[in-house]
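Structural overview for review
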Amino acid sequence: MIDFPELPVTLDDIEAAAKLLDGVVERTPIEVSRALGRQTGSNVYFKCENLQRAGSFKVRGAYVRMAKLTPSERDRGVVAASAGNHAQGVAVAAARLGIKARIFMPLGVALPKLAATRGHGAEVVLHGHNVDEALAEAQRYSDETGAVFVHPFDNVDVVAGQGTIGLELLDQIPDLDTVLIGVGGGGLLAGVAVAIKTRARELGREVRIIGVQAENAAAYPPSLAADALVPLTKVSTIADGIAVGRPGQLPFSIIRELVDDVVTVSEDALARALIFLLERSKMVVEPAGAVGVAALMEGKIDNPGNTAVVLSGGNIDPMLMLKVIQRGLAAAGRYLVVRMLLDDRPGSLATISRIIAESDANVTGVDHTRVGGSISMGDVAITINMETKGHEHCELVLNRLRGEGFQPIVLHG
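Residues numbered from 1 in each chain as written. Predicted model: local features only at pLDDT ≥ 70, side-chain atom pairs only at ≥ 80, totals over all residues. Heavy atoms only, no water.

With respect to helix H9 (residues 187-202)
What counts is decided by this rule: We count a stretch as a helix when DSSP gives it H or I for four or more residues in a row; a strand needs E for two or more, and each element gets its number in order from the N terminus. Expected span of a helix: the number of residues minus one, times 1.5 Å. Only protein chains enter the accessibility calculation, which uses a 1.4 Å probe; a residue whose area is less than 20% of its type maximum is buried, one above 50% is exposed, and one in between is partly exposed.
Between its terminal C-alpha atoms H9 stretches 23 Å, which fits the 22 Å expected from 16 residues at 1.5 Å a residue. Burial analysis of H9 places 14 of its 16 residues in the buried class, the great majority of the element. Phi turns positive one or two residues past the end of H9, at Gly204, with a value near 75 degrees.

Here it is, written out as structure tokens:
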């Protein structure tokens with residue numbers, strides 16, 4: 001049995017937060033994934049926070065933090081920084097509580113998230129090229145004006161609010177063995193870990209808590225190895241909701257004590273997970289919310305048992321979704337793009353079309369050009385987009401093209 005150290009957030013804090021949130025947030029549903037269960041040899045359940053108010057779990061922590069403000073603090077208003085989900089959570093909570101909110105969002109933030117935040121009544125200021133720069137500006141504004149800074153993860157009330165998901169999980173799945181949670185700053189993972197580990201200990205059992213990060217934005221593995229915060233020099237991932245270069249000090253102090261492991265997944269794995277959720281579960285989930293699914297699909301979790309994956313958000317930019325779908329299909333061998341240099345003579349394109357048709361692939365786009373830096377006089381460059389049926393089918397198409405004397409260069413697939 002775990003001998004818990006003294007933690008900055010307790011089960012009592014999370015239970016109090018649950019009372020504050022009663023009637024404010026949704027008790028999000030659990031969906032069974034039979035397809036992923038068959039693939040992993042376990043029972044897999046999705047905790048659908050993508051169906052939460054404002055599209056993510058963030059409203060939980062934001063509301064708990066702001067509901068505890070004094071009348072004087074409420075009069076000064078609140079300020080926050082976010083790439084989208086925390087911004088919407090703060091905006092929704094502020095509107096419900098009658099508090100003025102200013103939100104700093106990075107330049108280039110997804111337009112749907114920007115529009116939704118403004119739609120909930122918050123004032124939005126675009127600043128910086130990432131969340132960390134927006135956070136620094138929000139803190140500066142708070143220091144200058146006295147507005148209360150609502151941190152997205154490094155605050156006890158925020159962590160307690162996010163931890164209410166853990167209470168719901170144990171009520172909804174009593175025989176839970178493993179929980180997979182995406183990690184950015186760590187507020188969600190820390191809160192759920194406190195709730196589940198403490199409650200499970202009271203019941204005389206153990207539940208594994210595993211964090212999942214995008215490998216190009218994974219600050220927790222080196223920080224846990226060093227037992228100190230190790231900021232990243234660069235963060236680059238489609239999972240913008242967890243693109244945080246430095247763990248929160250408060251969540252880190254909990255995660256290093258309670259969380260069993262933190263694993264990472266590739267960008268291609270994330271894209272495949274989003275495709276899976278769309279096709280097999282009919283779920284619209286943003287990349288940050290799909291990291292747990294990616295970890296299961298990639299075999300990163302040993303002996304998962306009865307496994308809950310927190311689908312933490314569903315706020316995805318349609319343009320990003322388009323790119324992710326293309327990447328996911330290519331990673332699965334279902335979308336192939338090739339480029340070939342040919343002699344500019346009649347019949348070449350017809351021959352290529354015949355080979356592709358006989359290989360049972362479907363052409364979705366063709367680009368034909370005679371001008372370019374790498375194209376010689378008398379040559380033509382052809383780029384062909386195809387629907388394919390998997391990696392073996394891709395190899396079949398490529399080998400048949402090579403067998404006819406063509407030299408396809410794979411751009412995607």
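Looking at the sheet that holds strand E13 (residues 379-387)
We count it as follows: Only strands that DSSP links by at least two bridges are regarded as paired with each other. Fitted lines through C-alpha atoms serve as axes, helices being fitted only where they are in contact, and the angles separating the N-to-C directions of these axes extend from 0 to 180 degrees. Contacts are assigned to residue pairs with any non-hydrogen atoms lying within 4.5 Å of each other.
In spatial order, the strands read E12-E13-E11-E14; together these four strands make up an open sheet with antiparallel pairing. Each edge of the open sheet carries a strand with a single partner, namely strand E12 (362-369) and strand E14 (409-412). In this sheet, neighbouring strand axes are inclined to one another by 25 degrees on average, regardless of whether the strands run parallel or antiparallel. Bridge analysis of E12 against E13 gives seven bridges, and the strand direction is antiparallel. Bridge pairing in E13 places Thr369 opposite Ala381. Along the sheet, helix H16 (residues 391-403) contacts strand E11 (335-343), E13 and E14; its crossing angle with E11, the most-contacted strand, is approximately 5 degrees.

Concerning empty space enclosed by the protein
As a reminder, the rule being used: Definitions used for this entry: grid spacing 1 Å over protein atoms alone; cavity, a set of points where a 1.4 Å probe fits but cannot get out; pocket, an open set with protein on both sides within 12 Å along at least 5 of 7 lines; lining residue, one with an atom within 4 Å of a point. Grid points are joined across faces, edges and corners, and a volume is the space filled by probe spheres set on the points. The classification used treats Ala, Val, Leu, Ile, Met, Phe, Trp, Tyr, Cys and Pro as nonpolar, Asp, Glu, Lys and Arg as charged, and all other residues, Gly among them, as polar.
All told, the structure shown has two cavities of 30 Å³ or more when counted by the stated rule. Volume-wise, the largest cavity comes out at about 320 Å³. Lining the largest cavity are 28 residues, and of these Phe57, Lys58, Gly241, Ile242 and Val244 sit closest to its centre. Elements with a minimum of two residues in the lining of the largest cavity: helix H5 (85-97) and H9. Per-element tally for the lining of the largest cavity: the top contributor is H9, with three residues. Empty space within the second largest cavity amounts to approximately 50 Å³. What lines the second largest cavity is simply Leu274, Ile275, Leu278, Met283, Val285, Ile316, Met321, Val324 and Ile325. Contributions of two or more residues to the lining of the second largest cavity are made by helix H12 (267-280) and helix H14 (318-331). Classifying every residue of the lining of the second largest cavity by side-chain character gives nine nonpolar, no polar and no charged.

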